[in-house]
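# Analysis of the macromolecular model
Each chain, written out:
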Amino acid sequence: MGKKIGVFVCHCGTNISATVDVEKVAEETKKNNPGVSYTTTYKYMCSDPGQKLLRDKIKEEGLTGVVIAACSPKMHEHTFRNAAIKSGLNPYHVEISNIREQCSWVHPDKPVGTEKSTDLVRMMTEKVRKDKSLKPIKVHVTKRALIIGGGIAGIQAALDIADGGHEVIMVEREASIGGHMAQLSETFPTLDCSQCIMTPKMVEAAQHDNITMHTWSEIESITGYLGNFDVKIRKKARSVDLDLCTGCSSCWQVCPCKKIKSEFDMGLANRTAIYIPFPQAIPSKPVIDRENCILFKDARKKNIKPNDSKVCRKCIDACPIAPVKAIDYNQEDEIIDVKVGAIIVATGFRELEDGLYGEYGGGKYEDVITGMQFERLASASGPTDGKIKRPSDGKEPEIVVFIQCVGSRDPSKGCSYCSKTCCMYTAKHTMLYKHKVHHGHAFVFYIDIRCAGKGYEEFSQRAIEEEGATYLRGRVSRVYKKGDKLIVLGADTLTGSVVEIEADMVVLASAMKAQDDAEQFAQKLSIQYDKDKFFSEMHPKLKPVESSSAGIFLAGTCQGPKDIPETVAQAGAAASKVLALLSSDELEREPVVARVDRQLPPVFSTCIGCFYCQKVCPYSAIESEDIKARDGSVIKTVARVNEGLCQGCGLCAATCRSKSIELDGFNDEQIYAEINAVEFN
Amino acid sequence: MQIKEKTRIGYYPGCAITMGSSSEEYGTSVLRVAEAIGPELEEIHDWNCCGASSAHATNHKLSTALSIRNISLAEQSGFKEILAPCPMCSQRLIISQKDVADDEELKKDVEDAIEMPCNGDVKILNYLELIKNYCMDEIAEKRKKTPKDLKIASYYGCLLLRPPKVLQFDDPENPTSMEEIVEATGAISVDWELKTNCCGGGFTLSRTDIVLKLTNDILECAVDAGADAIAVACPMCHANLDMRQKKIEKEYNRKFNIPIVYISELIGLALDLGPISLGLNKHFIDTESVVNAFA
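All values reported here derive from a predicted model rather than from experimental measurement.

### Examining the overall build of chain B
When helices and strands are tallied, chain B shows 16 helices and eight strands. Computed over the C-alpha atoms, the radius of gyration of chain B is 19 Å, within 12% of the 19 Å expected from 2.2 N^0.38 for a compact globule of 295 residues. In terms of principal-axis extent, the alpha carbons of chain B reach across some 55 × 55 × 35 Å. The buried share of chain B, reckoned over its 295 residues, is 50%.

### Here's the deal with the pairing of strand β5 (residues 151–154) of chain B
All names here are of chain B. Where β5 meets strand β6 (residues 188–189), two bridges bridge the pair, whose relative direction is parallel. Counterpart to Ile152 in the pairing with β6 is Ser189. Taken together, the three bridges between β5 and strand β7 (residues 229–232) define a ladder with parallel strand orientation. When the sheet's bridge partners are listed, Ser154 is paired in β7 with Ala231.

### Overview of the pairing of strand β2 (residues 36–42) of chain A
Residue and element names in this part refer to chain A. Direction of pairing for strand β1 (residues 5–10) relative to β2: parallel, over a ladder of six bridges. Note on β2: the bridge partner recorded for Cys10 is Tyr42. The parallel pair β1 and β2, bridged by helix α1 (residues 22–32), forms a crossover whose chirality is right-handed.

### A look at the domain arrangement of chain A
What the domain assignment reports for chain A is domain 1 (5–134), domain 2 (141–235 + 337–348 + 524–586), domain 3 (250–318), domain 4 (349–513) and domain 5 (594–664). Relative to domain 5 of chain A, the C-alpha centre of domain 1 of chain A lies at a distance of 35 Å.

### Structural notes on the interface of chain B and chain A
Across the boundary between the two partners, chain B contributes six residues, which contact six residues of chain A. Among the residues making up the side of chain B that touches chain A, the classes are represented as one nonpolar, two polar and three charged.

### Overview of unusual backbone geometry
Glycine aside, residues mostly have negative phi angles, and peptide bonds mostly take the trans form. Omega for the bond connecting A:Phe188 with A:Pro189 falls within 30 degrees of zero, at -5°, which places this linkage in the cis form. Looking at the element boundaries, A:Pro189 is found in the loop between β8 (186–187) and β9 (192–193). Cis geometry is found at the peptide bond from B:Arg162 to B:Pro163, where omega equals -5°. Even without being a glycine, A:Asp385 presents a positive backbone phi close to 55°. By secondary structure assignment, the location of A:Asp385 is in the loop between α11 (371–378) and β21 (399–406). Of note in this structure, A:Lys533 is not a glycine but carries a positive phi near 75°. Here A:Lys533 lies in the loop between α14 (518–525) and β29 (552–554).

### Brief notes about the sheet that holds strand β24 (residues 476–482) of chain A
All names here are of chain A. On the basis of which strands lie adjacent, the open sheet formed by three strands has the order β24-β25-β26 and antiparallel pairing. The open sheet has two edge strands with one neighbour each: β24 and β26 (497–503). For this sheet, the mean inter-axis angle between neighbouring strands, taken without regard to orientation, is 20°. Here seven bridges tie strand β25 (residues 485–492) to β26, and the two strands are oriented antiparallel to one another.

### A short note on the domain arrangement of chain B
Residues and elements named next belong to chain B. Split by domain assignment, chain B resolves into domain 1 (8–125) and domain 2 (143–293). Centre-to-centre, using C-alpha coordinates, domain 1 lies 24 Å away from domain 2. Domain 1 puts 22 residues into the contact, and the matching count from domain 2 is 22 residues. Secondary structure elements with two or more residues in the side of domain 1 that touches domain 2: α1 (14–17), α2 (24–37) and α5 (87–102). Broken down by element, the side of domain 1 that touches domain 2 gets its largest block of residues, 10 residues, from α2.

### Some thoughts on the nonpolar core
Ranked by internal contacts, the top residues of the largest apolar core, which has 255 residues, are A:Ala157, A:Ala158, A:Ile344, A:Val506, B:Ile82 and B:Ala231. Apart from the residues lying within four places of it in its own chain, the contact partners of A:Ala157 are A:Ile147, A:Ile344, A:Ala346, A:Ala555, A:Ala571, A:Ala574 and A:Ala575. Grouped together as the second largest cluster of nonpolar side chains are 37 residues, A:Val20, A:Val66, A:Ala84 and A:Ile99 included.

### Notes on the packing of helix α11 (residues 208–224) of chain B against helix α13 (residues 245–252) of chain B
Residues and elements named next belong to chain B. Look at α11 against α13: their axes get within 10 Å of each other, and the N-to-C directions meet at 90°. As far as their axial angle goes, α13 and α11 are roughly perpendicular. For the pair α11 and α13, the contacting residues are Leu212, Thr215, Asn216 and Leu219 in the first and Lys247, Ile248, Glu251 and Tyr252 in the second. Per-class residue counts for the contact of α11 with α13 are four nonpolar, two polar and two charged.

### Some words on helix α15 (residues 564–582) of chain A
Residue and element names in this part refer to chain A. The end-to-end C-alpha distance of α15, which contains 19 residues, comes to 27 Å, matching closely the 27 Å that a straight helix rising 1.5 Å per residue would cover. The set of residues buried in α15 consists of Ile564, Thr567, Val568, Gln570, Ala571, Ala574, Ala575, Val578, Leu581 and Leu582. Projected down its long axis, α15 shows its buried positions confined to an angular sector of 165°, all on one face. Structurally, α15 contributes buried residues whose contacts are with β6 (144–148), α6 (152–163), β8, β18 (342–345), β29 and β30 (586–589).

How each quantity is defined
- Residues numbered from 1 in each chain as written.
- Chains lettered and ligands numbered in written order.
- Predicted model: local features only at pLDDT ≥ 70, side-chain atom pairs only at ≥ 80, totals over all residues.
- Helix = DSSP H or I, 4+ residues; strand = E, 2+ residues; numbered from the N terminus.
- Rg over C-alpha atoms; globule rule 2.2 N^0.38 Å.
- Buried ≥ 20, exposed ≤ 12 C-beta atoms within 10 Å, placed from the backbone.
- Pairing = 2+ DSSP bridges.
- Right-handed = clockwise from strand over helix to strand, strands pointing away.
- Domains from an automatic or database assignment.
- Contact = placed C-beta atoms within 7 Å.
- Nonpolar A, V, L, I, M, F, W, Y, C, P; charged D, E, K, R; others polar.
- Axes fitted to C-alpha atoms, helices over the stretch in contact; angles between N-to-C directions.
- Core = buried A, V, L, I, M, F, W, Y, C linked by C-beta atoms within 7 Å.
- Parallel < 35°, antiparallel > 145°, perpendicular 65-115°, else oblique.
- Expected span 1.5 Å × (residues − 1).
- Arc of directions from axis to C-beta.

Pasting the structure below:
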């Protein structure tokens, strides 16, 4: 029995109707397509009256198939399918024919656009004829979330989810949570102290009943799917028992390796081999840096167990915990398994490497520092207790040159994007500097000042007008050393003159870059990333916190450069998505998934078990399955699609050499029906 | 035994370093060094101006045709590589080659104008590239003299390296190839800051004030870094640093008296080819201290 198909052509205001004669499309479709029993046009199909029209006509006309000729299915397929459900029609009998993005918007010639639209609609009516009812797939949900990264994004998301009543597991690869925000001095545009707003949040996260924290840990692997992820976490050997240790500081006070550059202080201060990254660290318990500890070096050289080395045992001797010491040299990495229902990736950024700019000294001048280094210099908890002293000789710099866009907006250095935060933090740096060195002079070289945020423009103007920073519009061509001064050569493009400044210190507003291992990490999670290795959101406008894999969300700078308010907002958004996901016991998923065929014996399946499909599947959704006889012997090994993981991309179906895989909703019959509709008319 | 095939390289002197011109000592020393340690340089027959400065500033097609004619002549003589010791020439030749490779129409116009085809498969080398590719082992093998405590600042200027996307030679911000050659001659290479700064180039005549400032910075920086001499590979840099040095000293009231030597002259001294035959007597600033260091 043929279907009764209804075709609804949308004007989309004038988006479609300006270049497509929608009435003619409706008319032609009805005339030339047997089985199309009803056609109409409407100004805005997606509006409430438009949806009502659809619902009513399904019932009145007894439609069993619907084509909506409108915008991209990415926009409103969901809307129209939901409307169909309300009229009792299985939603998979509703198809969208996109006559906007790939038709009306690109064909200014009305007759051409009209003809193409008619063709596109005919193709879809042919597909609808072959559409079958599909049932949503139900998936069980593990009500627990994993947060990867313990910076401000991870902490905010963890607190939001934990406050919502769900368990959270947080994994941080450093020895303490806190991330970059813990390193900052003051924050723009209010100049409140970063530590003062960050550390209470760190404490709150650490003490929250619903949050389990794994610091000094990394993600080993993630398998599974939306609602049911299996996560392996590698707890790297800390060499310190977190349960026994009280953080009394006896061990790091006696450690003889005192000349290791502190990562937290961006190399401006030293730390010991057994150390806590910073005084407010959480957990406030040390870790042994096995690369630099002389005991571990000795053990590696002699190829013995660390505990058998006698080179130095000062820290364990100093440890007051008895009878079992809190330090364990022989501790090994431990892998733990957890099951979670949703994941938030909040792995943050790194600052552009120092040596990239040969023209600014390429990292060889001590007094050419990066923005993060200046943060540590200005921080009250920093190596200089917040006094601005230049690294080479500890002198107070009287002239400081700030160079913006170092790396950012410079395709020749591999970053074509704007890092977004530097205009603001440079303005902040000039203020912090002027507040501490009253007679000092700050120069800023900029390309454009981009301060688009609430109170941001006023903040940068304040730096210029009230705090007296001299802003020069132009690039710096070179920084070189002459005596104990740094000569900064630049251009002032507003006056058209060459500028030469004898500076005491130069601060580079270095670009925010994706983490070094972002690419491998994205592959581990099967999420997409962009050309700069930042993780890609599902849709740049409408799905900004969803990753390309269902159940994995993004927060903070791992997705692209952001400042703190934006990061916190995104973390909150990701958390709310997770909370929604964890709110039900079962989830419904789109049933557009691939299926390996099964046949009656003796064939069982036409699958030949080559597993080419497994190689091309980006979501690791292809498993192998043994077809067994009654006695348990294996008759045949074939591929099977895990419905939970499959995203319906169709790569496996296209790759299959024996034509054994079909994609529900897009099977061969449906696709060929569409193609034939163009070819033979 | 493997017989090393003799490498024939097309030699394009250009106007500045050819016999009888202002920087002939660069050309002479390049040829003397090549005679001593190879590779065989063969002057491109009937070469013409590369189109630098005046032509490329006023007429793109004309300047491209001028450069391409030289390349086509080299192609017809069967050369696979051309040496253009003057960086203005090597830069113009490379850019013209890229321009015609990227633009079919321009290629056709140029080929019509010069009445010769241009295949674009000849590689253009600057002098540092030639030495690095062919002569490092030979210098080590045939070096006869080792200078005593001679500190050299290697000065690249701009044309050897820029525009980096087209020239693709060394690190444009921190190049090191000249230092490697300097060290191969036995001299000590000093680390200094302004090795890729501009000397002012052709502005020496129209805006002498700018050139004096730029060259003063360069000389000052090299001297302060402890250099006894500055090595160059560009006739324009040489002219601005050597010929103008007295004027710079007067203008900025500081005595430098620092010899400016071509890198080819340094190699020649290390090979003991004789200072006069290398043209070291043709400088404005006396090169005696450098020559004596090799004694």
